[in-house]
There are 2 protein chains.
Amino acid sequence: MKIVITGAAGFLGKRLAKTLLAKGTLVGRDGKEQPISQLVLFDAVDYTGPESEDPRVSVVSGDITDKTSVERMIPHDVDGVFHLAAVVSAAAEADFDLGMAVNLHGVMHLLERLRATGRKPKLMFTSSIATYGGAMPPEIRDDTPQTPQNSYGIQKAASELLVSDYSRKGFIDGRSLRLPTIVVRPGRPNKAASTFASSIIREPLTGREAVCPVSPDTVMPIMSPRRVIEAFVKAFEIDAGQLGSWRSILLPGLSVTVEEMAASLERVAGRHAVDLIRWAPDPDIQKIVAGWPTRLAPQRALKLGIETDGSMDEVIQAFIEDDLEAQKAGMA
Amino acid sequence: MKIVITGAAGFLGKRLAKTLLAKGTLVGRDGKEQPISQLVLFDAVDYTGPESEDPRVSVVSGDITDKTSVERMIPHDVDGVFHLAAVVSAAAEADFDLGMAVNLHGVMHLLERLRATGRKPKLMFTSSIATYGGAMPPEIRDDTPQTPQNSYGIQKAASELLVSDYSRKGFIDGRSLRLPTIVVRPGRPNKAASTFASSIIREPLTGREAVCPVSPDTVMPIMSPRRVIEAFVKAFEIDAGQLGSWRSILLPGLSVTVEEMAASLERVAGRHAVDLIRWAPDPDIQKIVAGWPTRLAPQRALKLGIETDGSMDEVIQAFIEDDLEAQKAGMA
């Protein structure tokens with residue numbers, strides 16, 4: 001199988017690449033497990049991880065907003081794509097044209113390229129719970145309407161519609177996952193309003209101070225990188241017959257308050273860790289976060305066997321096992 | 001005010017042009033009624049009605065799928081657009097590329113052109129209840145999720161998302177109306193699966209036979225051309241403050257069975273008219289129609305003062321008053 005990961009140089013892209021290379025196979029459209037013969041790691045920037053040394057890997061850099069670039073990076077005999085490339089929410093809000101170019105036109109270029117191969121490739125598309133907004137019920141369900149209140153959510157929701165239609169028409173075999181906030185992200189804080197949710201765990205674990213700009217009772221649905229990578233693979237491998245013509249899947253999430261996150265950090269890493277959280281309320285960030293869903297109650301994802309994290313302690317433990325060493329090395 | 005109607009040569013476009021010229025004014029973004037100084041009638045084909053003689057009217061023909069053409073047809077000092085141009089459902093399903101080009105890329109070109117004027121023009125966009133599909137509740141409500149099962153519905157739903165976001169960003173002042181099936185359409189049958197709903201009224205009223213391909217108990221939500229034109233104007237004039245950031249409005253519809261349509265025709269035009277309906281069930285059309293919403297229960301549209309028809313008798317009477325003479329002349 002020839003597989004492409006877009007946005008491969010991002011932290012989820014790298015982790016997915018590593019996971020797929022270790023796993024070595026994927027279930028294809030025929031329902032059979034097949035070896036991954038080629039893994040194309042596509043990003044706007046060069047992929048620099050050790051995975052690039054693997055003989056199955058091709059590293060391609062290019063511009064998803066450019067149709068020709070997309071045609072070049074997707075092999076004509078592609079079997080599947082994990083589409084992770086995106087401009088994140090705050091950036092798509094700050095630069096409307098960039099968000100549209102990457103998050104909507106980029107997806108349209110990709111869909112057309114996949115259609116042109118005539119092979120009905122599988123596509124695992126990453127959407128977001130940012131596609132919900134405005135007046136929302138206390139729990140987001142599979143049938144909660146998407147009325148996004150930001151450009152990122154609009155672009156993702158529109159892309160989901162296209163993924164379903166291209167699948168219904170038989171041009172591709174797509175599936176869209178609506179991701180909750182991913183916690184604990186390794187690396188450095190980014191410009192997402194949600195970045196604190198990772199920072200308040202990650203920084204104290206490396207002896208650094210972290211600022212928490214929201215009140216302790218703030219609730220967020222989260223998913224660990226470990227679980228989300230599992231969900232990507234599971235969603236890719238699910239048989240199209242289980243999905244029908246509607247290809248969007250709301251992922252489950254672990255709903256925790258920020259206070260519970262801190263309590264969990266104390267249980268796992270001790271009082272000195274939690275003392276490194278500085279509580280400095282920022283009304284702007286509090287307002288943004290207050291506009292997000294707080295509880296996810298999907299049925300479809302659970303029926304398809306997609307699992308979320310069991311507890312905040314597990315989430316932190318997974319970060320310690322998977323990322324802490326590299327995080328500390330990166331800090332050195 | 002400079003106003004543009006796209007799809008002006010269609011039957012709703014023509015009727016809207018006539019209505020706006022007679023009305024002479026529209027409420028602008030400042031909430032004040034202003035005279036219509038220029039009315040641009042845009043279509044892929046030349047506009048041929050008597051309205052083209054009005055000194056306020058400019059007739060422009062061009063291609064909505066071509067960005068440059070869209071830039072040319074929309075004056076730089078435009079105040080408002082009624083966007084009716086579209087490829088209808090069956091055609092968008094038969095020719096995927098044409099549907100995408102007109103119904104999605106065309107809207108994107110229009111939105112970008114309106115944004116580029118820097119005037120935040122008003123936009124009245126025609127969406128459809130074809131944006132609903134799949135598993136639906138017995139009544140479609142304002143918060144019923146859109147899971148369209150056809151390309152036309154997908155393209156309209158994606159466009160609605162963009163209209164809301166361009167409005168939220170302050171690039172335009174948009175509003176999207178989700179239209180039910182329009183009955184009675186004048187003219188000839190078209191390729192829409194719903195065309196029979198107009199034919200079984202229109203043809204008998206001119207002494208012709210009409211085929212009804214669905215069972216008498218088939219229920220459809222309909223709206224008369226008269227009411228839908230009223231809704232276009234009302235929706236255009238509504239103050240943005242009443243809409244907030246979510247710009248989609250589900251229109252109400254009169255839900256009638258085909259049997260009730262026939263009974264109404266008999267009351268209005270006599271037994272000889274209804275005898276011209278030939279009942280010839282077509283399982284393919286029955287299946288398509290069965291996938292559509294049967295009852296609409298919007299709250300928002302009603303609160304905004306948008307009204308539907310009181311009865312099927314009124315719908316038929318409106319056709320007789322507004323269209324029968326021209327219909328008979330067209331038949332001669």
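What you are looking at is a predicted structure, and each value in this text was computed from that prediction instead of being measured.

**Here we look at the relation of the copies chain A and chain B**
- With an RMSD of 0.0 Å, the fit of chain A onto chain B corresponds to turning through 180° and sliding 0.0 Å along the axis. Read as a symmetry element, the transformation amounts to a two-fold axis.

**Comments concerning the sheet that holds strand β12 (residues 219-223) of chain A**
All names here are of chain A.
- An order of β10-β12-β14 is seen for the 3 strands of this open sheet, with the pairing classed as mixed. Edge positions in the sheet fall to β10 (181-182) and β14 (254-257), since each has one partner strand and no second.
- Pairing between β12 and β14: 4 bridges, direction antiparallel. Opposite I222, over in β14, you have L254 as the bridge partner.

**Observations regarding the sheet that holds strand β4 (residues 38-43) of chain B**
Residues and elements named next belong to chain B.
- Taken together, 7 strands build an open sheet; the order of strands is β5-β4-β1-β6-β7-β9-β13 and the sheet is parallel. The sheet terminates laterally at β5 (57-61) and β13 (248-250), the two strands that pair on one side only. Pairwise comparison of adjacent strand axes, ignoring direction, gives a mean angle of 20° for this sheet.

**Some details on the pairing of strand β7 (residues 122-128) of chain B**
All names here are of chain B.
- Within β7, 7 of the 7 residues are buried, which leaves it mostly tucked inside the rest of the structure.
- Here β7 shows two buried faces, one formed by K122, M124, T126 and S128 and the other by L123, F125 and S127.
- Pairing geometry for strand β6 (residues 80-83) and β7, over 4 bridges, is parallel. Across the sheet, the residue bridging to H83 is F125, located in β7.
- In this sheet, strand β9 (residues 173-179) lies alongside β7 in parallel orientation, the contact comprising 7 bridges. What sits directly across from K122, in β9, is D173.

**Overview of the packing of helix α1 (residues 11-23) of chain A against helix α7 (residues 225-237) of chain A**
All names here are of chain A.
- Where α1 contacts α7, the axes come no closer than 10 Å and their chain directions differ by 60°. As far as their axial angle goes, α7 and α1 are oblique. Every pair of crossing elements has a handedness; the one defined by α1 and α7 is right-handed. Every residue of α7 that contacts α1 at L12, R15, L16 and T19 is listed here: P225, V228, I229, F232 and V233.
- Here the residues of the contact of α1 with α7 are counted per class, giving 7 nonpolar, 1 polar and 1 charged.

Parameters and conventions
- Residues numbered from 1 in each chain as written.
- Chains lettered and ligands numbered in written order.
- Predicted model: local features only at pLDDT ≥ 70, side-chain atom pairs only at ≥ 80, totals over all residues.
- Least-squares fit on C-alpha atoms with pLDDT ≥ 70 in both.
- Pairing = 2+ DSSP bridges.
- Helix = DSSP H or I, 4+ residues; strand = E, 2+ residues; numbered from the N terminus.
- Axes fitted to C-alpha atoms, helices over the stretch in contact; angles between N-to-C directions.
- Buried ≥ 20, exposed ≤ 12 C-beta atoms within 10 Å, placed from the backbone.
- Parallel < 35°, antiparallel > 145°, perpendicular 65-115°, else oblique.
- Left-handed = near helix turned anticlockwise from the far one by under 90°.
- Contact = placed C-beta atoms within 7 Å.
- Nonpolar A, V, L, I, M, F, W, Y, C, P; charged D, E, K, R; others polar.

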